[in-house]
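Below are the chains, spelled out letter by letter.
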Amino acid sequence: MASMTNAIKTQMTLRLWALLALLGLIWGGSFFFARIAVAHVPPFTLVLLRLGLAALALHLYLRGRHGLYPALRKRWREFLLMGLINNAIPHALIFFGQTHIGAGLAAILNATTPVWTVLIANTLTEDEKLSAAKISGCLLGLAGTVVLIGPSALAGVFGDASDVPLWALVLPVLAAVSYGFSATYGKRFRDLAPPVTATGQLTASTIVMLPVAAFADTPWALPLPPLAALLAILGLALLSTAYAYILFFRIMAQAGATNTSLVTLLVPPSAILLGYLFLGETLQATDIAGMLVIAAGLAVLDGRVLRRGYAAGR
């Protein structure tokens, strides 16, 4: 019965692919918004503003509907852990990384999320185990990450000291690992309405980030950011967080952890396009190569392209 239920839950329909594509576009915009805002707002404060404004917007939207308050009281520990691994930790890691790297590169590095999700789900769950295709996809994804990080890391050691530091490249990858844990852990919220799950985790992570930002950044002493940064913060909070997490948990409830994590394949093109159009960013040949290798790994993980090719060749 459990395996049958999982098969139903993890089947990707055309509607789910459309929602996944929309989520990829919105989260691609988050790297664009963050790149603008992080130039004027310290990372911890930016995380707090993103999460706090998003949580407030969702509380106003729900107004206690769908059993929000009983769920918060009963499952606050689960929301707290989900908020840490899906919001507070990865957002802080990405924002710190984006103080030295562009939106497109940060999104590409974060696109390793499905690789980590597959490995973590295999260890912690019974219904998403490794297969030959998943192992091959993981190796390709990890190879793509090495292609992206390796040349820059070597340049930082042997080349010009002005090159991107290794830690700035590693942080988005660590954020992807955190997202891998959250994608697996988030399956336990299938019984809740997606807006309730989104509101619960954002409320918990806001509470966590409040003392962190206050201690690290003393945000009350910071100058008021320019209008462009304020608009970017609103876009980051309302569109790329509040609305995006409603979509995320809706897809998660129906498609499972591995399928939902494939959204990160759709994020880099959106972030690259926005960075190119509005921020004047460019990517090196090794960055493009790394993205293509990661994309190949994710295609193998998904399996649909390979199955269609096999069927067409018969």
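This text follows the structure it describes.
Here's a quick rundown of the structure. (Residues numbered from 1 in each chain as written. Predicted model: local features only at pLDDT ≥ 70, side-chain atom pairs only at ≥ 80, totals over all residues. Heavy atoms only, no water.)

So, about the overall build of the protein. Looking only at helices and strands, the protein has 14 helices and 0 strands in total. Ordering the α and β elements of the protein from the N terminus gives α-α-α-α-α-α-α-α-α-α-α-α-α-α. Relative to its 314 residues, the protein shows a buried fraction of 52%. Pairs at least 24 apart in sequence give 89% of the contacts found in the protein among residues at least 6 apart. Total accessible area computed for the protein in this model is approximately 14,200 Å², and 71% of it derives from carbon and sulfur atoms. (Helix = DSSP H or I, 4+ residues; strand = E, 2+ residues; numbered from the N terminus. Buried < 20%, exposed > 50% of the residue type's maximum accessible area, 1.4 Å probe, protein only. Contact = heavy atoms within 4.5 Å. Areas by Shrake-Rupley, 256 points an atom, 1.4 Å probe, with all protein chains shown as cover.)

What follows is about the nonpolar core. Ranked by internal contacts, the top residues of the largest apolar core, which has 77 residues, are Leu23, Trp27, Phe31, Leu46 and Tyr245. Of the residues forming this core, the biggest block, 14 residues, is contributed by helix α11 (residues 227-261). Not counting residues up to four positions away in its chain, the partners in contact with Leu23 are Ala244, Leu247, Phe248, Ile251 and Val263. (Core = buried A, V, L, I, M, F, W, Y, C linked by side-chain atoms within 4.5 Å.)

What follows covers helix α3 (residues 43-62). Helix length check: α3 (20 residues) gives 28 Å between terminal C-alpha atoms against 28 Å at 1.5 Å per residue, within 8%. Those residues of α3 that sit buried are Pro43, Thr45, Leu46, Val47, Leu48, Arg50, Leu51, Gly52, Ala54, Ala55, Leu58 and Leu62. Just past α3, the residue Arg63 takes up positive phi, approximately 50 degrees. (Expected span 1.5 Å × (residues − 1).)

Under the criterion given, the structure shown has 9 aromatic pairs. Seen in terms of ring centroids, Tyr185 and Phe189 are 6.1 Å apart; in terms of plane orientation they differ by 75 degrees. Their pairing is edge-to-face. Owing to a relative accessible area of 16%, Tyr185 belongs among the buried residues under this scheme. A centroid spacing of 5.0 Å and a plane angle of 80 degrees characterise the contact between Phe248 and Phe249, whose relative ring orientation is edge-to-face. Given the relative accessible area of 6%, Phe248 is considered buried. A relative accessible area of 4% means that Phe249 is categorised as buried. An aromatic cluster is defined as three or more aromatic residues linked by ring pairs; in this entry it consists of Trp27, Tyr245, Phe248 and Phe249. (Phe/Tyr/Trp six-rings, centres within 6.5 Å; stacked < 30°, edge-to-face > 60°.)

On the surface, Leu224, Leu227, Leu230, Leu231, Leu234 and Leu238 cluster together into a nonpolar patch covering about 600 Å² of accessible area. Assignment of secondary structure puts Leu230 in helix α11. (Patch = residues over 30% accessible without salt bridge, like charges linked within 9 Å, V, L, I, M, F, W, Y side chains within 5 Å. Salt bridge = Lys/Arg side-chain N within 4 Å of Asp/Glu carboxyl O.)

Here the structure, examined in full by the defined rule, presents 2 salt bridges. For Arg75, the salt bridge is made with Glu78, and the minimal N-O distance between the two is 3.1 Å. Note on Arg75: relative accessible area 12%, which makes it buried. By relative accessible area, which is 22% here, Glu78 ends up partly exposed. In this structure, the salt-bridge partner of Arg75 is Asp191, at a minimum N-O distance of 2.9 Å. Linking Arg75 in the loop between α4 (68-74) and α5 (76-97) with Asp191 in the loop between α9 (166-185) and α10 (194-217), this pair joins segments that are 116 residues apart in sequence. By relative accessible area, Asp191 is classed as exposed at 56%. Salt bridges here are not isolated pairs; linked through shared partners, they connect Arg75, Glu78 and Asp191.

Bringing the environment of Pro165 into the picture now. Along the chain, Pro165 falls in the loop between α8 (132-158) and α9. Given the relative accessible area of 21%, Pro165 is considered partly exposed. Placed 65 residues apart in sequence, Pro165 and His100 show a C-alpha to C-alpha distance of 7.7 Å.

What follows is about helix α7 (residues 113-124). One full turn of an α-helix is made of 3.6 residues, so residues set three or four places apart face in the same direction. Between its first and last C-alpha atoms α7 spans 16 Å; for 12 residues at 1.5 Å apiece the expected length is 16 Å, and the two agree. Looking only at α7, the buried set comprises Thr113, Pro114, Val115, Thr117, Val118, Ile120, Ala121 and Asn122.

This part is about the side chain of Arg50. With respect to the helices and strands, the residue Arg50 is situated in helix α3. Notably, Arg50 is buried but unbridged: the nearest opposite-charge side chain belongs to Asp217, and the N-O separation is 14 Å. A polar contact is formed between the side chain of Arg50 and the backbone oxygen of Ser240, at a distance of 3.2 Å. In this structure, Arg50 is in contact with Trp27, Ser30, His91, Phe95, Leu236, Ala237, Ser240 and Thr241, ignoring residues within four places of it in sequence. (Lys, Arg positive; Asp, Glu negative; His and termini not counted. Polar contact = N/O pair within 3.5 Å; in protein donor to acceptor, adjacent residues only side chain to side chain.)

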